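Chain by chain, the residues run as shown.
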Amino acid sequence: MAANNPIEHHRLSFEAGAGQLVTLQTPASNVFVADPKVAEVRPGSTTTLFIFGVGPGHTTVAALDDSGAAVAQYDVTVRPSQFLSTQAERAIAQVMPNSHVRVIPQPKGLLVSGRINNPQDAARVLAVAKSFLPEGDKVEDQLEVAAPV
C-alpha cells in the first residue's frame, strides 16, 4: 500500500526547451501537471517520467499510484531559454564588434543593455535583437547612449 511509502517531494529547475528524466521510488499510474503552459510530462514507464519545460513559470507535477495516493510531487521552475539571447548577443557582436551589449532572456522577449555610442547604433542593436524573437515578443531597451561629442 502507498500509505507505507512517504510521498517524495522534489524541486526541479531548467530552461524552457529542456527537461529532466526522473525516477520514481514507487510505480505511478497517473501523472498530473498543474500548468501545462509551463511543463509537460511524458511517462517512460511506471517508474520513470520525462518532465519537459514548455514555457517560463512555475508549476507542480504530481504522480499517483493506482489507488490514487500521491507517490511523488515535483515543484518545477522553468526559466526562459538562454538560446535566443546568446544568439542575439553573438549577432550584435558581429555587426558591432566594439560594442559591449548584453542580452538577457525575459519571459516574453529579451532585455538589451549596455553602452552604445549613438542613437543610430542603438537602433541597429535593437533591430538585431528583435530579429531573433517570435512574433509578439518584445525587446526591452535598457541601452545607455553616450552623449554626443
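Parameters and conventions
- Note that residues are indexed from 1 along each chain, following the sequence as it is written.
- Side-chain atom pairs in this predicted model are given and counted only at pLDDT of 80 or more, local residue features only at pLDDT of at least 70, and totals for whole chains, interfaces and linings cover all residues.
- The side-chain numbers reported here are obtained from all heavy atoms of the structure, hydrogens and water having been left aside.
- Helix and strand assignments follow DSSP, with helices taken as H or I runs no shorter than four residues and strands as E runs no shorter than two, numbered in order from the N terminus.
- Note that the radius of gyration is over C-alpha atoms, with the globule rule given as 2.2 Å times the number of residues to the power 0.38.
- With a 1.4 Å probe rolled over the protein chains alone, any residue whose accessible area is under 20% of its type maximum counts as buried; one over 50% counts as exposed, and the rest are partly exposed.
- Only heavy atoms matter for contacts: two residues are in contact if any of them lie within 4.5 Å across the pair.
- Reported accessibility uses the Shrake-Rupley method at a 1.4 Å probe radius. Residues are deemed covered only where the shown protein chains occlude them.
- Neither His nor the chain ends contribute to the count of charged residues, in which Lys and Arg are positive and Asp and Glu negative.
- The atoms used to mark charge sites are NZ of Lys, CZ of Arg, CG of Asp and CD of Glu.
- In what follows, salt bridge is the name for a side-chain nitrogen of Lys or Arg lying within 4 Å of a carboxyl oxygen of Asp or Glu.

Visitor: Is there a simple way to think about the overall build of the protein in this case?
Guide: Regarding its fold elements, the protein presents 2 helices and 10 strands. Counting from the amino terminus, the protein carries its helices and strands in the arrangement β-β-β-β-β-β-β-α-β-β-α-β. Computed over its C-alpha atoms, the radius of gyration of the protein comes to 21 Å, more than 25% above the 15 Å expected for a compact globule of 149 residues. Here the C-alpha coordinates of the protein stretch approximately 75 × 25 × 20 Å along the principal axes. By residue count, 36% of the 149 residues in the protein fall in the buried class. Look at the contacts in the protein between residues 6 or more apart in sequence, and 56% of them connect residues 24 or more apart. Here the protein displays about 8900 Å² of accessible surface, and carbon together with sulfur accounts for 53% of that area. Looking at charge distribution, the protein has the averaged site of its 11 positive side-chain charges lying 7 Å from that of its 14 negative ones.

Visitor: Honestly, the pattern of salt bridges in this entry has me stumped. Any pointers?
Guide: Any two side chains of opposite charge can pair if their charged atoms end up close together. In total, this model carries 3 salt bridges according to the counting rule given. With a shortest N-O distance of 2.7 Å, Glu40 and Arg42 are connected by a salt bridge. Residue Glu40 is classed as partly exposed on the basis of its relative accessible area, which comes to 30%. For Glu144, the salt bridge goes to Arg115, with nearest N and O atoms at 2.4 Å. Here Glu144, found in strand 10 (residues 138-145), pairs with Arg115, found in strand 9 (residues 109-116); they are 29 residues apart in sequence, far enough to count as distant.

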